[in-house]
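Below are the chains, spelled out letter by letter.
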Amino acid sequence: MIMNHFIEQEQQYCAHNYSPLPVVLTHGKGVYVWDDQDKRYMDMMSAYSAVSFGHSNPRILKALQTQAEKLGVVSRAFYTDQLGRFVAHTCKLTGMDMGLPMNTGAEAVETALKAARKWAYTIKGVEENKAEIIVCDGNFHGRTISIIAFSSEDQYRDGYGPFPPGFVRIPYANSQALLQTITPNTAAFLVEPIQGEGGILVPPKGYLENCAEICRSNNVLLFCDEIQTGLGRTGMLLASQHENVQPDGLMLGKALGGGLLPVSMFLARKDVMEVFKPGDHGSTFGGSPLAAAVGMEALNVLVEDGLIPHAAEMGEYLLQELQRIDSPLIISVRGKGLLTGLEIDTAQVSARDFCLALAENGILSKETHETVIRFAPPLIITRQQIDWAIEQITKTFDQFEYSTRRKVVKA
Ligand SMILES: *Cc1c(COP(=O)(O)O)cnc(C)c1O
């Protein structure tokens, strides 16, 4: 793909806060997307898990169309026939008591931060403005000022200060650090059961369970950000269920919008959610009947199409097949369910060059954390489609090995 009109126009008018691969996508169906030259790609990014049900999932599309014709957006100034059943269903599925609908993931996280603080002051009895929230190194919870305030990524923070205080960062996958950091002012521990943007980091078994126990015995809320890991992505409804952990607060997003809309939600125990009184917090679009209908159908598709066990099975297969690729460029392969990452040796090949070559071979993906190539296809992917993907990925490694070997010989 060379420079074309679409790229030039986007480059000229759209802020350069991303550096997209030079591929111009025009339509999608299932696990595939097509570019303006009608070249087909398999989408192994799934928009960071937002497209878990595949592009233009027919059932979710139908729900969107039907609801859009009836009633789209009314704000939360009124009740609708859609919101209650959507939130009730999400609560029942996840074992939470109440939900607060928002749009983007970052908004669900902001909601969680507000809930944690208010709970600390009104229920736990923390002195005004002293509440602390513990987070992890390598976290990714979104891009607002308060969320990046506790990011460990310099680039996410550079030039955006001053930042709100009240956050303490500890090493990930270390429950002892949590125990040592909790003070009487600690409101909540906010954690991703698997760090997605952090590089598909799967903590050792028992980590989340230990954290849950530490939180429980210290009257600290355990908040799990499952915006990326939730809704079947890791082969369970929630990644926290791999350890039988029921968090006190839960953030969902991405796939909750069925690949069509931004739909997110903060869910919590009743006593936590009840800190919010009318007027305390809100969103114009959050919980719109359109979003509720789409989110509801996304959850129905997830369960009724058996996508959770399917993701577990396909994920195991994908991981096994990725692990079988024999290349000196591979440092490690890891993941859970269909959230997998392949760490490459960037001394030999840049992640971006590798993604460009993958695209040439019909696979779309993107690096995370500079060295990890993410392979997180829609959950509907089939074994045959995985086989095809593995062929292309293997071929891409072969091409690079050939060129790096040649370079060595020349030098
Ligand atoms: C993507 C993501 C977010 C932020 O979601 P946005 O919709 O981009 O605001 C928050 N937490 C995690 C774990 C994510 O992966």
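Predicted, not measured: the structure shown is a model, and the values here were computed from it. (Residues numbered from 1 in each chain as written. Predicted model: local features only at pLDDT ≥ 70, side-chain atom pairs only at ≥ 80, totals over all residues. Heavy atoms only, no water.)

K.L.:
What is the right way to read the site of the ligand from this model?
P.N.:
The immediate surroundings of the ligand are formed by Thr104, Gly105, Ala106, Phe140, His141, Gly142, Glu192, Asp225, Ile227, Gln228 and Lys254. Note that an oxygen atom of the ligand is positioned 2.8 Å from one of the backbone N or O atoms of Ala106. A distance of 3.3 Å separates a nitrogen atom of the ligand from a polar atom in the backbone of Phe140. Here the ligand, which alone exposes 380 Å², has 81% of that area covered by the protein. When its residues are assigned to classes, the shell around the ligand shows three nonpolar, five polar and three charged. (Near = heavy atom within 4 Å. Polar contact = N/O pair within 3.5 Å; in protein donor to acceptor, adjacent residues only side chain to side chain. Areas by Shrake-Rupley, 256 points an atom, 1.4 Å probe, with all protein chains shown as cover. Nonpolar A, V, L, I, M, F, W, Y, C, P; charged D, E, K, R; others polar.)

K.L.:
How should I be thinking about the sheet that holds strand E2 (residues 32–35) in this particular structure?
P.N.:
Hydrogen bonds along the backbone pair up the strands of a sheet, which may run parallel or antiparallel. The four strands lie next to each other as E1-E2-E3-E13, forming an open sheet whose pairing is mixed. Looking at strand neighbours, the two that pair on one side only are strand E1 (25–29) and strand E13 (363–364), the edges of this open sheet. Where strand E3 (residues 40–43) meets E13, two bridges bridge the pair, whose relative direction is parallel. In the strand pairing of E13, Asp43 is matched with Leu364. (Pairing = 2+ DSSP bridges. Helix = DSSP H or I, 4+ residues; strand = E, 2+ residues; numbered from the N terminus.)

K.L.:
Honestly, the sheet that holds strand E15 (residues 372–375) in this entry has me stumped. Any pointers?
P.N.:
Spatially, four strands are ordered E11-E12-E15-E14 in an open sheet, and the strand pairing comes out antiparallel. The open sheet has two edge strands, strand E11 (330–336) and strand E14 (367–368), and neither has a second partner. Taken together, the six bridges between E11 and strand E12 (residues 339–344) define a ladder with antiparallel strand orientation. Bridged to Ser332 within E12 is Glu343. Docked against the sheet, helix H12 (residues 307–324) engages E11, E12 and E15, running at close to 175 degrees with respect to E11. Docked against the sheet, helix H13 (residues 351–360) engages E12, E14 and E15, running at close to 35 degrees with respect to E15. (Contact = heavy atoms within 4.5 Å. Axes fitted to C-alpha atoms, helices over the stretch in contact; angles between N-to-C directions.)

K.L.:
Is there a simple way to think about the pattern of salt bridges in this case?
P.N.:
Any two side chains of opposite charge can pair, on the condition that their charged atoms come close. What the rule picks out here adds up to 14 salt bridges. With a shortest N-O distance of 2.8 Å, Arg374 and Glu197 are connected by a salt bridge. Remark: Glu197 occurs in the loop between strand E7 (186–191) and helix H9 (207–217) and Arg374 occurs in strand E15; sequence separation between them is 177 residues. By relative accessible area, which is 1% here, Arg374 ends up buried. Assessed through its relative accessible area of 12%, Glu197 is described here as buried. Several salt bridges converge on common partners, so that one network encompasses Arg59, Glu297, Glu304 and Asp305. (Salt bridge = Lys/Arg side-chain N within 4 Å of Asp/Glu carboxyl O. Buried < 20%, exposed > 50% of the residue type's maximum accessible area, 1.4 Å probe, protein only.)

K.L.:
What's the story with helix H3 (residues 58–70) in this structure? I'm lost.
P.N.:
For H3, built from 13 residues, the straight-helix expectation of 18 Å at 1.5 Å per residue is met to within 8% by its first-to-last C-alpha distance of 18 Å. The complete set of buried residues in H3 reads Ile60, Ala63, Leu64 and Gln67. Looking down the long axis of H3, one finds its buried residues gathered within 100 degrees of arc, a one-sided arrangement. The exposed set on the far side of H3, more than 90 degrees from its buried face, consists of Pro58, Lys62 and Glu69. The backbone nitrogen of Arg59 lies 3.1 Å from a side-chain oxygen of the residue at the head of H3, namely Asn57. (Expected span 1.5 Å × (residues − 1). Arc of directions from axis to C-beta.)

Remember that the coordinates give geometry; whether it matters functionally is a separate question.
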